[in-house]
Number of protein chains: 2
Amino acid sequence: MNESAFIESLRALASHPGARGLLDDAAVVEIGGRTLVLTKDMLVEGVHYLPDDPPADVAWKLVAVNLSDLAAKGARPMGVLLGYSLGGHAWDTAFVAGLRLALDSFGIALLGGDTVGGNGPRTLSLTALGEAAGTVPSRAGGQAGDRLWLSGTIGDAGAGLRSLRGEIAAVDALVERYRNPSPRLEAGEDLAPLVSAMMDVSDGLLIDAARLAAASGLRAVIDLASLPLSEAWMGLLGGALEARLAAATAGDDYELLFAASPELDGEILALQDRLGLPLNRVGALEAGSGLRVTDGGAELPLPERLGWEHR
Amino acid sequence: MNESAFIESLRALASHPGARGLLDDAAVVEIGGRTLVLTKDMLVEGVHYLPDDPPADVAWKLVAVNLSDLAAKGARPMGVLLGYSLGGHAWDTAFVAGLRLALDSFGIALLGGDTVGGNGPRTLSLTALGEAAGTVPSRAGGQAGDRLWLSGTIGDAGAGLRSLRGEIAAVDALVERYRNPSPRLEAGEDLAPLVSAMMDVSDGLLIDAARLAAASGLRAVIDLASLPLSEAWMGLLGGALEARLAAATAGDDYELLFAASPELDGEILALQDRLGLPLNRVGALEAGSGLRVTDGGAELPLPERLGWEHR
């Protein structure tokens, strides 16, 4: 069974309204007048990280990818539960040091978890618990006519992975984006009251935009001419169409993708300075289904591969 | 690094009071005047279940072992998040059917989770969320002079595992206890206001009693003459000392082990009828540290192996 068929088969079990029909990255549980947001993401050795990635970076990434889901729901992290497969002493020790650094950086604590003896590639899992102050944006709230926005720059983590694989030159700034992603927690909190839909980009801008649009019952249009590319990316890979297409289908960036009414353009743009984070319009939502990709308005054929699946 | 050394190294990261110093099976988060209990347990193929165990039973067990942790904290389950490694179509389909049966049986829903592509033995993880109505018993509250009590019968699941491995004759009732454990949710809720400490027995009565005593700063005494053994156990393995020792060091029973003042004997015994579940005194807590094992009061040497570790 592939991932989407499996999730489809689980949907009947997700009868709690907080499960959001499994269409979202996080569950939302209202309790005692407060709003809890819960998410659970796993990293598998050789699938989500390289076997020779430094263990401290793997720990950071495990925390960051989960907090990124909280960020996309505008939630402030409270703590995490760790599911850990024991390995060698040196790896475990370095992992704990990295975990400590990550938890301290985000001001949260370890709440509990489980440790198992491993056999085979490690599977690490984390459950993150956060609290939202107000409405929790879903993927499903987008409206036709909304603009699609993206935080930060796109493609860097994918380029970092290609660097580590020796496919392109090694550039520290790109490798750093792959190994030490920054969940956009502050931006998520500020944006949550403004957006009609929000998610994080983990599998690639095109595939994730298509998912947001599908959850909203709409079509996404992404204009590749408007992609925000970093200096490091431009220096190494440039801005030709092929490079922009690679950036739009790479994963692991953990930027925020969100839909908002054009009336809010000014308010959203004004957030950039306060956040120290670029927020760029990369497309729109329109009536229909699926995805359109344009380059400065000119229609492009859909690429065969929109991003990562089955991960 | 072994499990206890690893958990020790994590303790400094568990600064939230709800983490209970990682000495408990669950985290306790107070929010909006309500008390949430969170737990996360993993099952690894070949470690916690047999590769040819029916997938629906593995799903049941994954739910049951997590709800057992909630039961030990007197919490009522609210929902779960699933971490799943995809495998073959037939296995995945049967797993979902078993998950559905388990969630329906316990009246809870799937809230979310993550699905990954697997490579190597499956690692399944679950996070269970529950709510406690009052005080949440920990492992650490035991008092010298408290009696130690056990729900149900002990050793059955371990005998079921030995049956499946062909080491002893196959007895359905025992295999059933191994594959389909019953978390003692109702008992946990009723007992929570009475006990001074409580946990579930997952790794063996002796090792888990030693853990409860250590968390309480005391010594546990377990009297093997008082072990509650099932009819199925007695029929197959009998009640000689060696058999009772095997029952006290077998894992996977998911019964409740709890400490309570002798003044509460009557109140606890009175619960049995209502619950339809035996509650038996199996020992006591006393000043000191470690564990003593007796047989009808006569001191026995400590067995080398008290139960399962590093799981």
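Conventions we followed
- Residues numbered from 1 in each chain as written.
- Chains lettered and ligands numbered in written order.
- Predicted model: local features only at pLDDT ≥ 70, side-chain atom pairs only at ≥ 80, totals over all residues.
- Heavy atoms only, no water.
- Least-squares fit on C-alpha atoms with pLDDT ≥ 70 in both.
- Core = buried A, V, L, I, M, F, W, Y, C linked by side-chain atoms within 4.5 Å.
- Buried < 20%, exposed > 50% of the residue type's maximum accessible area, 1.4 Å probe, protein only.
- Helix = DSSP H or I, 4+ residues; strand = E, 2+ residues; numbered from the N terminus.
- Contact = heavy atoms within 4.5 Å.
- Pairing = 2+ DSSP bridges.
- Axes fitted to C-alpha atoms, helices over the stretch in contact; angles between N-to-C directions.
- Salt bridge = Lys/Arg side-chain N within 4 Å of Asp/Glu carboxyl O.
- Phe/Tyr/Trp six-rings, centres within 6.5 Å; stacked < 30°, edge-to-face > 60°.
- Lys NZ or Arg CZ within 6 Å of the ring centre and 35° of its normal.
- Buried area = accessible area lost by both parts, 1.4 Å probe.
- Nonpolar A, V, L, I, M, F, W, Y, C, P; charged D, E, K, R; others polar.

**Student:** Explain the relation of the copies chain A and chain B to me, please; I cannot follow it from the model alone.
**Tutor:** One copy of the chain maps onto the second through a rotation about an axis and a displacement along it. It takes a turn of 180° to lay chain A on chain B, together with a shift of 0.0 Å along the axis; the resulting RMSD is 0.0 Å. As the rotation angle and translation indicate, the two copies are arranged about a two-fold axis. Identified as the residue of chain A closest to the rotation axis by C-alpha distance is Gly32(A), at 2.2 Å.

**Student:** Quick question: what am I supposed to make of the nonpolar core here?
**Tutor:** Of all hydrophobic cores here, the largest spans 60 residues; its most connected members are Leu10(A), Leu82(B), Phe95(B), Leu99(B), Leu191(B), Phe258(B) and Ile268(B). For this core, the element with the most residues is helix H2 (residues 55-72) of chain B, which contributes 11 residues. With residues near it in sequence (within four places) discarded, Ile268(B) still touches Trp149(B), Leu191(B), Leu194(B), Phe258(B), Ala260(B) and Leu279(B). The next biggest cluster of nonpolar side chains, apart from the first, holds 58 residues, and it includes Trp60(A), Ala64(A), Val65(A) and Met1(B).

**Student:** Explain the sheet that holds strand S2 (residues 34-44) of chain B to me, please; I cannot follow it from the model alone.
**Tutor:** Strand pairing in a sheet takes place through backbone hydrogen bonds and is either antiparallel or parallel in direction. A sheet is described by the order of its strands in space; here 5 strands give the open sequence S1-S2-S5-S3-S4 (chain B), paired in mixed fashion. Strands at the two margins of the open sheet, each flanked by one partner only, are strand S1 (27-31) and strand S4 (109-117) of chain B. Strand after strand, the sheet turns through a mean of 20° between neighbouring axes, direction not considered. The sheet contact formed by strand S3 (residues 75-86) of chain B and S4(B) spans 8 bridges and is parallel. When the bridges of S4(B) are listed, Ser85(B) appears paired with Val116(B). The sheet strands contacting helix H1 (residues 3-10) of chain A are S3 and S4 of chain B, and the helix crosses S3(B) at an angle near 160°. Docked against the sheet, H2(B) engages S2, S3 and strand S5 (123-132) of chain B, running at close to 145° with respect to S2(B).

**Student:** What should I look at first to understand the pattern of salt bridges in this one?
**Tutor:** A side chain of one charge can pair with a side chain of the opposite charge when the charged atoms of the two come close. A complete count under the given rule lists 48 salt bridges over all chains for this structure. Note that Asp203(A) is salt-bridged to Arg211(A), the shortest N-O span being 2.8 Å. Judged by relative accessible area, Asp203(A) falls into the buried class, the value being 14%. On the basis of relative accessibility, which here comes to 25%, the residue Arg211(A) falls in the partly exposed class. With a shortest N-O distance of 3.2 Å, Arg11(B) and Glu8(B) are connected by a salt bridge. Classification of Arg11(B) by relative accessible area gives partly exposed; the value is 26%. On the basis of relative accessible area, Glu8(B) is assigned to the partly exposed category, the value being 47%. The network of salt bridges with common partners includes Asp156(A), Arg177(A), Arg184(A), Asp253(A) and Glu255(A).

**Student:** What am I meant to see in the packing of aromatic side chains here?
**Tutor:** Where two aromatic rings form a pair, the distance of their centres and the angle of their planes describe that pair. With the rule as written, the count across this model stands at 12 aromatic pairs over all chains. The interplanar angle of 45° and the centroid separation of 4.7 Å between the aromatic rings of Tyr84(B) and Phe95(B) together place this pair among those described as tilted. Remark: Phe95(B) occurs in helix H3 (residues 89-106) and Tyr84(B) occurs in strand S3; sequence separation between them is 11 residues. Members of the aromatic cluster, connected to one another through ring pairs, are Phe6(A), Tyr49(B), Tyr84(B), Trp91(B) and Phe95(B). Directly above the aromatic system of Trp91(B) lies the positively charged group of Arg122(B), at a separation of 3.8 Å from the ring centroid. One cation-aromatic arrangement involves Arg305(B) over Trp308(B); the distance from NZ or CZ to the ring centre is 5.3 Å.

**Student:** Can you walk me through the interface of chain A and chain B in this structure?
**Tutor:** When the parts of a complex come together, some accessible area is lost, and that lost area is often taken as the interface size. Taken together, the contacts link 65 residues of chain A with 65 residues of chain B. Between chain A and chain B, roughly 5300 Å² of surface is buried when both sides are summed, and carbon and sulfur atoms account for 70% of that area. By the criterion of area lost to chain B, the three top residues of chain A are Met1(A), Leu13(A) and Lys40(A), representing 14% of everything that side buries. Linking chain A with chain B are 0 salt bridges. Looking at the side of chain A that touches chain B, the elements that each hand over two or more residues are H1, strand S1 (27-31), strand S2 (34-44), strand S3 (75-86), helix H3 (89-106), strand S4 (109-117) and strand S5 (123-132) of chain A. The dominant element in the side of chain A that touches chain B, judged by the number of residues it contributes, is S4(A), at 9 residues. Tallied by class, residues from the side of chain A that touches chain B come to 32 nonpolar, 23 polar and 10 charged.

Purely geometric numbers; function is a separate question.
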